Amino acid sequence: MSTTLSTPAPAAPRPRRLRPPVLVAQLAILVILFGSWELGVRAGYINGFLFGSPAGVVDAAWKLIRSGELAEHAAYTLWASALGFVVGTALGTVPGLSLWYSPYAAKVVEPILVAINSVPKIAFAPLVILWFGTGVISKVALSISLTAIVALLAAFQAAKDTDPDIQRMMVSLGATKGQVFGKVVVPAALPYIISTFRINIGFALVGTVVGEFISSKYGIGHVIFVASSLYDLNTVWVGIFTLMLLGFVLYAGVDIAEKRLLRWKDQTYATQFKL
C-alpha cells in the first residue's frame, strides 16, 4: 500500500505595507505641528504673546532676512561654532589617542580629566569673557572648552578598548608600537571618534551661543537675548530655528568627513552584503 505525502502549500506572501516616503512623512509632521500651533493661537487656546505663532515667526524671519541681519548674525555664529568645533575636537582627539602609548600617564591624568569633565563648562564663561574679551575669540574659546574634553575622553576610551588580541597578534608578527597604533588602534577608534564629532556639534553651538548671551553685538545668541528681553517671542523662535539650520550645516560637514575617513568601512559593508 503506497502512501503519498502531501507537501504543504507555500505560505502566501504578506502584502507590503504602503508607507509614504520619508520626506513626505516628515513634512506631514511639520504641517500638523505648526498648523495646530497656528490654529490654537487663532482660536485663543494658546497665548500668542507667550508662545508666539507660526505666522508671526514667518513675518519676523522675513524682516530679518530682508534687512540682511539674519544672514550676518548666522554667519557670525556659524564661523565661531565651526572654528571652535574643529580646534576643540582636534585638541582633544590627538592627546586622547596619544594616551594609548603610556598606560602610566593615562592612569595619572584620567581622574583629572573626569574631574574637569564633571564641572559644567558654562561656569567658565565669565572667566573666558574676561580673558579673551567680547569679540569672536571668546566665543571660539568657549566652544573649544566644551568640545575638547569630550573629544579627549572619547578618543582615550576608544583607544583603550581596542581589541588586545589583535594588538598582540601584530606584535607577534614583528610590528612596532607605532605600527600597531597606526594600523590597529587609530582605525578601530575612528568610528567612535566620528560619533563624538556629532555630539560636539551641539556643544560647539552651546559654547558660542552662551558667549553671545553674556557679551556680544553679533550672533544668533545675541538676537535671541535681545528679543527675549523685549518679549518678542516670534524673533526668539526665528533664532532657535536658525540654530537648528546651523546644526544641520555642521552635521553635513561631519557626514562628509565620515565618508572620507571611514571609506574602508563602507567598502567592507558593501563587500559583505554584495551591494
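Keep in mind that what you see is a predicted model, and the values were worked out from it rather than measured. (Residues numbered from 1 in each chain as written. Predicted model: local features only at pLDDT ≥ 70, side-chain atom pairs only at ≥ 80, totals over all residues. Heavy atoms only, no water.)

**Thoughts on the pattern of salt bridges**
Heads up, the condition is: A pairing counts as a salt bridge when a side-chain nitrogen of Lys or Arg comes within 4 Å of a carboxyl oxygen of Asp or Glu. Numbering of helices and strands runs from the N terminus; a helix is a DSSP stretch of H or I covering at least four residues, while a strand is a stretch of E covering at least two. In this scheme, a residue with accessible area under 20% of its type's maximum is buried, one over 50% is exposed, and one in between is partly exposed, where area comes from a 1.4 Å probe on protein chains only.
By the definition in use, this model includes five salt bridges. Across the pair R198 and D255 runs a salt bridge whose closest N-O atoms are separated by 2.9 Å. Of this pair, R198 sits in helix α9 (residues 177-214) while D255 sits in helix α11 (residues 233-261); the two residues are 57 residues apart in sequence, bridging distant segments of the chain. Judged by relative accessible area, R198 falls into the partly exposed class, the value being 23%.

**Points about a nonpolar patch on the surface**
Convention followed: Put simply, a patch holds well-exposed residues, over 30% relative accessible area, that have no salt bridge, with like charges counted together within 9 Å and Val, Leu, Ile, Met, Phe, Trp or Tyr side chains within 5 Å. Reported accessibility uses the Shrake-Rupley method at a 1.4 Å probe radius. Residues are deemed covered only where the shown protein chains occlude them.
Together, V119, F124, L127, L130, W131, F132 and I137 give the surface a local cluster of nonpolar side chains, amounting to about 740 Å² of exposed area. Top element by residues in the nonpolar patch is helix α6 (residues 125-132). It accounts for four residues. Note on I137: relative accessible area 53%, which makes it exposed.

**Observations concerning α11**
Here is the rule: Helix span, expected: 1.5 Å multiplied by one less than the number of residues in the helix. Residue contacts follow a heavy-atom distance rule, with two residues in contact if any of their heavy atoms lie within 4.5 Å.
Taking 1.5 Å of rise per residue, the 29 residues of α11 would be expected to cover 42 Å, and the 42 Å separating its terminal C-alpha atoms lies within 8% of that figure. All buried positions along α11 are accounted for by N234, T235, V236, V238, G239, T242, L243, L246, G247, L250 and V254. Buried-residue contacts for α11 involve α3 (54-67), α4 (69-98), α9 and α10 (220-229).

**Points about the nonpolar core**
Soluble, globular proteins show a tendency: their nonpolar side chains are buried together. Test applied: In plain words, nonpolar cores are sets of buried Ala, Val, Leu, Ile, Met, Phe, Trp, Tyr and Cys residues tied together by side-chain atoms within 4.5 Å.
Among the nonpolar cores identified, the biggest contains 37 residues, and L97, V180, I220 and V238 are the most heavily contacted of them. Put simply, the parts of the chain that give this core at least two residues each are α1 (22-43), α3, α4, α7 (136-160), α9, α10 and α11. With sequence-adjacent residues up to four places away left out, L97 is seen in contact with A155, A159, F181, A189 and I193.

**Focus: α3**
Using the following cut-off: Each direction from the helix axis to a C-beta atom contributes to the arc, which is the arc of those directions.
Here α3 contains 14 residues, and its C-alpha end-to-end distance of 20 Å stays within 8% of the 20 Å for a straight helix at 1.5 Å per residue. Along α3, the positions that sit buried rather than exposed are P54, G56, V57, A60, A61 and L64. Angularly, the buried residues of α3 cover 155° about the axis, an arc narrow enough to put them on a single face. Away from the buried face of α3 by more than 90 degrees, exposed residues V58 and R66 are located.

**What about the UniProt feature "transmembrane region" (unreviewed entry) in the chain?**
Going by this rule: UniProt positions are given in the numbering used here, feature names are shortened, and annotations may be inferred rather than shown by experiment.
As recorded in UniProt, the feature "transmembrane region" (unreviewed entry) lies at residues 21-37, 74-100, 112-133, 140-159 and 235-254. Helix makes up 93% of residues 74-100 and strand 0%, with an end-to-end C-alpha separation of 39 Å. Counted over residues 235-254, helix gives 100% and strand 0%. Its end C-alpha atoms are 29 Å apart.

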